[in-house]
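A structural walkthrough
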Amino acid sequence: MPKAKQAARRKKFDYNRDRKKLKKKLLKKHNPRIENAQIRNAWDDRKSVARNLQDMGLAFDPNRSLPIKNQSLLEGGGEAAAPVSIVTKPYVLTQLEEEAGRPGTSSKTLSSDLIQYVQHMIRQHRDNYKEMARDEKNYYQDTPKQIRRKINEYKRCHPEQYHAFMASLSPPPAHGPVGGAPQPMVR
């Protein structure tokens, strides 16, 4: 009976397998971490995904929640109505709406080396991109268009710093008489 012998051989315990890791891997696959804090706090592990989302007022299947209207020539107004569900956890929906309404902060920034490079180019050459391309500090041999892009990126990422830098470059206004010539001192 060769089959019984093979079956017994297959059921031997594998000491090289880490059962604890396998169980953790299986649980992680079936219960993934929910990134959103509001949904994670309101989640009920005993309910299905569809039921949890329905309780929160969220859609599990967008095709069911927003059905496509049938456009046919024969029927006058054959519209499929979306099923009405009872929302038992409306606070999740309001928190998500508040979070979506907040303005997002841009985390885009430039390296300090690039900022110094751009400031040097503007300080030396103002708006002359061809001269910037010939500058000795242009180590990477950027073309005029590449330098223009870097300057525009600097303007976009750090607008306050750019305006302060440009204000520091402009010469201070002359404090003198209207005529421009110095007035002789009268005794």
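Structural notes, computed from the coordinates. Position numbers for residues count from 1 along each chain, tracking the sequence in the order it is written. With pLDDT at 70 or above as the cut-off, local features in this predicted model cover only qualifying residues; side-chain atom pairs require 80 or more to be listed or tallied, and sums for whole chains, interfaces and linings still use all residues. Note that water and hydrogens are dropped before the side-chain values are worked out from all heavy atoms of the structure.

Thoughts on the overall build of the protein chain
Stated precisely, the cut-off is as follows: Under the DSSP-based scheme used, a helix requires at least four consecutive residues in state H or I and a strand at least two consecutive residues in state E, with every element numbered from the N terminus. Burial classification: accessible surface area is computed with a 1.4 Å probe over protein chains only, and a residue below 20% of its type maximum counts as buried, one above 50% as exposed, and the rest as partly exposed.
Of regular secondary structure, the protein chain possesses 10 helices and zero strands. The order of α-helices and β-strands along the protein chain, N terminus first, is α-α-α-α-α-α-α-α-α-α. In the protein chain, which comprises 187 residues, the share counted as buried stands at 18%.

Here's the deal with helix H4 (residues 49-56)
Cut-off, in case you're wondering: The directions considered for the arc run from the helix axis to the C-beta atoms. Two residues qualify as a contact provided that any one of their heavy atoms is within 4.5 Å of a heavy atom in the partner residue.
Regarding H4, the residues found buried are Asn 52, Leu 53, Asp 55 and Met 56. Around the axis of H4, the buried residues are gathered within 160° of arc, so they sit on the same side. Those residues of H4 hidden inside the fold are in contact with helix H3 (37-42) and helix H6 (90-101). Note on H4: the residue one or two positions beyond its end, Gly 57, has a positive phi of about 85°.

A look at the side chain of Asp 142
Among the secondary structure elements, Asp 142 is positioned in the loop between helix H8 (129-134) and helix H9 (144-157). Discounting chain neighbours no more than four positions away, the residues touching Asp 142 are Tyr 117, Ala 133, Ile 147 and Lys 150.

Some remarks on unusual backbone geometry
In the Ramachandran plot, Arg 126 falls in the positive-phi region, its phi being about 55° despite a non-glycine side chain. Looking at the element boundaries, Arg 126 is found in the loop between helix H7 (112-125) and H8. Arg 126 sits in the partly exposed class, given a relative accessible area of 41%. One non-glycine residue, Gln 141, adopts positive backbone phi at about 55°. Checked against the element boundaries, Gln 141 lands in the loop between H8 and H9.

Focus: the environment of Tyr 139
Secondary-structure assignment places Tyr 139 in the loop between H8 and H9. With 22 residues separating them in the primary sequence, Tyr 139 and Tyr 117 have C-alpha atoms 9.9 Å apart.

Considering the packing of H7 against helix H10 (residues 159-169)
What counts is decided by this rule: Here, axes are lines fitted to C-alpha atoms. For helices the fit covers the stretch in contact, and angles between N-to-C directions go from 0 to 180 degrees. Helix crossings fall into two classes, left-handed where the near helix is turned counterclockwise from the far one by less than a right angle and right-handed where it is turned clockwise.
Contact geometry of H7 with H10 gives a least axis separation of 11 Å together with a crossing angle of 30°. Where H7 crosses over H10, the handedness of that crossing is right-handed. Contacts between H7 and H10 involve Ile 115, Gln 119, Ile 122 and Arg 123 from the former and Gln 161, Tyr 162, Phe 165, Met 166 and Leu 169 from the latter.

Thoughts on the packing of aromatic side chains
Going by this rule: A pair of aromatic rings is counted whenever rings of Phe, Tyr or Trp (Trp by its six-membered ring) have centres within 6.5 Å, and the orientation is called stacked for planes under 30 degrees apart, edge-to-face for over 60 and tilted otherwise. The rule for a charge over a ring is simple: NZ of Lys or CZ of Arg within 6 Å of the ring centre, and within 35 degrees of the ring normal.
Using the criterion set out here, one finds two aromatic pairs in the structure. Seen in terms of ring centroids, Tyr 154 and Tyr 162 are 6.0 Å apart; in terms of plane orientation they differ by 85°. Their pairing is edge-to-face. Residue classification places Tyr 154 among the buried residues on the basis of a relative accessible area of 0%. Between the NZ or CZ atom of Arg 148 and the centre of the ring of Tyr 129, over which it lies, the distance is 4.8 Å.

Quick look at the pattern of salt bridges
Convention followed: Criterion for a salt bridge: a side-chain nitrogen of Lys or Arg within 4 Å of a carboxyl oxygen of Asp or Glu.
Going through the model one piece at a time under the given rule, you end up with eight salt bridges. Here Asp 44 ties to Arg 46 by a salt bridge, and the two come within 3.3 Å at their closest N and O atoms. You can call Arg 46 exposed: its relative accessible area is 77%. A salt bridge links Asp 55 to Lys 47, with the nearest nitrogen and oxygen atoms 2.7 Å apart. Overlapping salt bridges bring together Lys 47, Arg 51 and Asp 55 as one network.

Honestly, that's just the spatial picture; any functional story needs more than this.
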